[in-house]
Amino acid sequence: MAQVDRQQWDVVVVGAGGAGLRAAIEARERGARTAVICKSLFGKAHTVMAEGGIAASMGNVNEGDNWQVHFRDTMRGGKFLNQWRMAELHAKEAPDRVWELETWGALFDRTPDGKISQRNFGGHEYPRLAHVGDRTGLELIRTLQQKIVALQQEDFKEYGDYEARLKVFQECTVTRVLKSGSAGGSDAGAEPRVSGVFCYERETGRFFVLEAPAVVLATGGIGKSFKTTSNSWEYTGDGHALALLAGAPLVNMEFVQFHPTGMVWPPSVKGILVTESVRGDGGVLRNSEGKRFMFDYIPDVFKEKYAQTEDEGDRWYEDPDNNRRPPELLPRDEVARAINSEVKAGRGSPHGGVFLDVSTRMPAETIKRRLPSMYHQFKELADVDITAEAMEVGPTCHYVMGGIAVESDTAATPGVPGLFAAGEVAGGMHGSNRLGGNSLSDLLVFGRRAGLHAAQYASALAAPPAVSQAEVDAAAAEALAPFHADEGAENPYTLHQELQTAMNDLVGIIRREAEMAEALERLRGLRARAARAGVEGHRQFNPGWHLSLDLRNMLLVSECVARAALERTESRGGHTREDCPSMERDWRPVNLLCRLVEPAAGDGPDADRIRLERTRTEPIRPDLLALFEKDELAKYLAEEELYE
Ligand SMILES: Cc1cc2nc3c(=O)[nH]c(=O)nc-3n(C[C@H](O)[C@H](O)[C@H](O)COP(=O)(O)OP(=O)(O)OC[C@H]3O[C@@H](n4cnc5c(N)ncnc54)[C@H](O)[C@@H]3O)c2cc1C
């Protein structure tokens, strides 16, 4: 029996990025004793890396903006696969969340008349992204952290203990969501409910359990399953896997966003993001022949909204009311595919990308003021002065639109009472493709909602569900398994590299049936080998051990991506199939759910773990449909939906 410390809380939030911190603040303000747990140092979450801004229709730069326009843009960007109620709540509530940040101390860039400044971004009809230079995520996290500290100071005054009602466990990893009613527990057979999380300290390896009736997963994305990615080390799909293992489904995991502009050179920095603000502020894409090729790639559904000539596109920056936007500002999926095609056609840059140029578009001083991080990033990492020469850029795995299925209003996961999810780990909001800036607003809108409903759920329970010792023992044994690998143990780093290669090459930006089938075959082999992943030494300071545990999550999530991608025989948003190149209206109302399959007796470790299920999306509410022209809807909706 494992001796494991236990603590009791009302709400546990897993993840201290924008979604997790906003959830924790809300839960604590609603009276719940709240614990936040995160893998990195407090304040170091992936959200810190967000550059361009946070989308909210405040209408500060163009008064034409409002929630309806933002909703329309979001639905178009997601090619109408979005969970429309989430897109509605998001568009309506994002401005309040930004103003709230300001009252908590966030210092946004200003317009000349002193309002919060807003910048252009791909797919947004109006300048909509509130920003702090190109370091918006840092300001967002700094502000939320400051708010947490302020709440802790209030608690100190009342209880003499800063952490009485809000505590952060940093540099700790959650490996299991625990549930009551599980085998071996005193309440076996009762309706299973969330009862807490099993965790370990990364530095010491010490195990502990946080008991709580409500758990909010806010663990971010999955990018570390791909070789070329803009994502940080934390993005190993933990929350996605924790939810699957707890019995919750993931939705539409085939949709992975490849951001069009990552660095391509030198190799050590390949994948690092080049913010979309570069194009929002006037940067243009050219191929090796010097051509602004994006004019050749405007798809039919967007033809009326984008400039057809360079002159018109350039005039739009000064006079957006009388000109159409340049196609460099098409949604990310379109731009990424176009770059891919140019490189494939032999018109790429020397290192396999294309050229992104601001140097001929703005004075050097303006570039340094508006894009300070980009200036330093290229100077320091690639020895390129972006005020004097073009950057080389290419697609990089950036964001996952698929995620834990949630109820739109409450962020609760269906079928697992007590489990909530918010932020990048949750699915549905962005449909098949996320617009830039819509993640930071998503984190705040749904982080707040998750915290609110988790607190309400916890306070409504008569008694917290019990954590069984059997479940704790099983979680401890699972976590210790890599120390007991036999002779012939597999190296977790080798397995990780092979996984990244398989996902990048076979389930990447352009997909083909045979390659995805091959990916699933390779994943089977990797699963069998990962069951033998072994590490030496002990639990203190052992990154190989951490990776062995992360592999379980990356393999589960990768199987979801590959399986769903193989099933969806169309191209839409962040899922492009060379063998099924068009967007099919009949697929519009179809959601693909991934569920975990319990291994049958006699199954080996390579057995498939994921079962797919098709569900139909709820019909879009008529007043929301009325925001679009019928002609436009006809391009997206299935025939029967048009007449419902
Ligand atoms: C370079 C870059 C720039 C971007 N710029 C923008 C932008 O300008 N605008 C925009 O809207 N979006 C942007 N995005 C996307 C956006 O930053 C992310 O989608 C968003 O920050 C995700 O926030 P989150 O709160 O969901 O997760 P995160 O901020 O990633 O936080 C996840 C948290 O979960 C913790 N965690 C994970 N697994 C575990 C575990 N097993 N146990 C305990 N803790 C765990 C992590 O330690 C971390 O604290 C950008 C992304 C990148 C990579």
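Please refer to the structure placed before this passage.
Remember, it's a predicted structure, so these values are computed and weren't measured experimentally. Chains are numbered independently. Their residues run from 1 in the order of the written sequence. Per-residue local features of the predicted model are confined to residues with pLDDT of at least 70, and side-chain atom pairs are confined, for both listing and counting, to 80 or more; whole-chain, interface and lining totals are unaffected and use all residues. Excluded from the side-chain calculations are hydrogens and water; all other atoms, namely the structure's heavy atoms, are used.

Draft legend 1. View of the sheet that holds strand E13 (residues 256–263). The pairing criterion for strands is at least two bridges between them, as found by DSSP. Strands are runs of DSSP state E lasting at least 2 residues, helices are runs of H or I lasting at least 4, and numbering of each runs from the N terminus. Spatially, four strands are ordered E13-E16-E15-E14 in an open sheet, and the strand pairing comes out antiparallel. The strands lining the two open edges of the sheet, one partner per strand, are E13 and strand E14 (284–286). Mean inter-strand twist for the sheet, computed between neighbouring axes without regard to direction, equals 45°. Pairing analysis gives three bridges linking strand E15 (residues 354–357) to strand E16 (residues 391–400), with the strands arranged antiparallel. Lines fitted to C-alpha atoms define the axes, with helix axes restricted to the stretch in contact, and inter-axis angles between N-to-C directions lie between 0 and 180 degrees.

Draft legend 2. Just the environment of Ala-35, in detail. Following the sequence through the fold, Ala-35 ends up in strand E3 (residues 34–37). Three exposure classes are used, based on accessible area relative to the maximum for each residue type with a 1.4 Å probe and protein chains only: buried under 20%, partly exposed in between, and exposed over 50%. The class for Ala-35 is buried, based on a relative accessible area of 0%. When the C-alpha atoms of Ala-35 and Arg-449 are compared, they prove to be 17 Å apart, with 414 residues separating the residues in sequence. Apart from residues lying up to four places away in sequence, Ala-35 is in contact with Trp-9, Val-11, Val-12, Val-13, Lys-167, Phe-169 and Leu-210. Contact criterion: two residues are considered in contact whenever any of their non-hydrogen atoms come within 4.5 Å of each other.

Draft legend 3. Geometry of the pattern of salt bridges. Salt bridge, as used here, is a side-chain nitrogen of Lys or Arg placed within 4 Å of a carboxyl oxygen of Asp or Glu. Evaluation of the coordinates by the stated rule reveals 66 salt bridges. We note a salt bridge from Arg-361 to Asp-314, for which the minimum N-O separation is 2.8 Å. Remark: Asp-314 occurs in helix H7 (residues 310–318) and Arg-361 occurs in the loop between E15 and helix H9 (364–370); sequence separation between them is 47 residues. Judged by its relative accessible area of 27%, Arg-361 falls in the partly exposed class. Beyond isolated ion pairs, a larger network of salt bridges with shared partners links Arg-85, Glu-88, Lys-92, Asp-409, Arg-621 and Asp-623.

Draft legend 4. Focus on the environment of Thr-576. Tracing the backbone shows Thr-576 in the loop between helix H15 (543–567) and strand E19 (590–596). The exposure class assigned to Thr-576 is buried, which follows from its relative accessible area of 11%. Along the sequence, Thr-576 and Ile-510 sit 66 residues apart, while their C-alpha atoms lie 5.3 Å from each other. With sequence-adjacent residues up to four places away left out, Thr-576 is seen in contact with Arg-337, Ile-509, Ile-510, Arg-511 and Ser-571. Within polar-contact distance, the side chain of Thr-576 engages the side chain of Arg-337 at 2.7 Å. Definition of a polar contact: a pair of N or O atoms within 3.5 Å, with one able to donate and the other able to accept a hydrogen when the atoms are protein atoms, and with sequence-neighbouring residues admitted only if both atoms are side-chain atoms.

Draft legend 5. Focus on the site of the ligand. One heavy atom within 4 Å of a molecule or strand is enough for the residue carrying it to be called near that molecule or strand. Lining the immediate surroundings of the ligand are 40 residues, of which Thr-47, Gly-52, Glu-234, Tyr-235 and Glu-424 lie closest. A distance of 3.5 Å separates an oxygen atom of the ligand from a polar atom in the backbone of Ser-40. Here an oxygen atom of the ligand and a side-chain polar atom of Glu-234 are 2.3 Å apart. Surface accessibility in these figures is a Shrake-Rupley result with a 1.4 Å probe; residues are shielded only by whichever protein chains are displayed. Protein coverage of the free-state accessible area of the ligand, which is 1,000 Å², stands at 99%. Secondary-structure elements contributing two or more residues to the shell around the ligand are helix H1 (18–29), strand E8 (172–179), E16 and helix H11 (438–460). For the shell around the ligand, the element with the highest residue contribution is H11, accounting for four residues.

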